[in-house]
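# Fold and geometry: a report
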Amino acid sequence: MGNYDSMEKSKAKTLKALGFLIRQHRRAVGISQEELGLRCDLDRTYISGLERGVRNPSLTAIVALAEGLGITVSQLLDNLEIEITRTE
């Protein structure tokens, strides 16, 4: 059980860190969650869930997000490990 709890905490930290990066890039572009959703063909509530770290995006969703932000997937995920260590 302890290992499962550890994996769940790690997953939660990863999703929160990813959400932070998505929000950071979206704000840098100067668009709303709704606009990003339109660009990615994803619902605004899904974008909100991603940014809050409560949704676990598929690889295709990550690709769509990067395209909607006008960046590469590598740019979107850059510093993910650093943000994971900062996330509580």
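Since the structure is predicted, the reported quantities are computational estimates derived from the model, not experimental observations. (Residues numbered from 1 in each chain as written. Predicted model: local features only at pLDDT ≥ 70, side-chain atom pairs only at ≥ 80, totals over all residues. Heavy atoms only, no water.)

Turning to the UniProt feature "domain: HTH cro/C1-type" (unreviewed entry) in the chain, a few remarks are in order. Within this structure's numbering, the places UniProt gives as "domain: HTH cro/C1-type" (unreviewed entry) are residues 22-76. Secondary structure across residues 22-76 comprises 73% helix and 0% strand; the distance between its end C-alpha atoms is 7 Å. (UniProt positions renumbered as here; feature names shortened; annotations may be inferred. Helix = DSSP H or I, 4+ residues; strand = E, 2+ residues; numbered from the N terminus.)

As a further point, take the packing of helix α2 (residues 33-40) against helix α4 (residues 59-69). Where α2 contacts α4, the two axes come as close as 8 Å, and the packing angle between them is 115°. One finds that α2 runs roughly perpendicular with respect to α4. Crossing handedness for the pair α2 and α4: right-handed. Where α2 abuts α4, its residues L36, R39 and C40 lie against A64, L65, G68 and L69. (Axes fitted to C-alpha atoms, helices over the stretch in contact; angles between N-to-C directions. Parallel < 35°, antiparallel > 145°, perpendicular 65-115°, else oblique. Left-handed = near helix turned anticlockwise from the far one by under 90°. Contact = heavy atoms within 4.5 Å.)

Tallying each qualifying case throughout the model produces four salt bridges. For R23, the salt bridge goes to E51, with nearest N and O atoms at 3.4 Å. Taken together, the residues span a long stretch of sequence, with R23 in helix α1 (residues 2-29) and E51 in helix α3 (residues 44-52) at a distance of 28 residues. Residue classification places R23 among the partly exposed positions, given a relative accessible area of 22%. Because the salt bridges share partners, they merge into one network encompassing R23, R26 and E51. (Salt bridge = Lys/Arg side-chain N within 4 Å of Asp/Glu carboxyl O. Buried < 20%, exposed > 50% of the residue type's maximum accessible area, 1.4 Å probe, protein only.)

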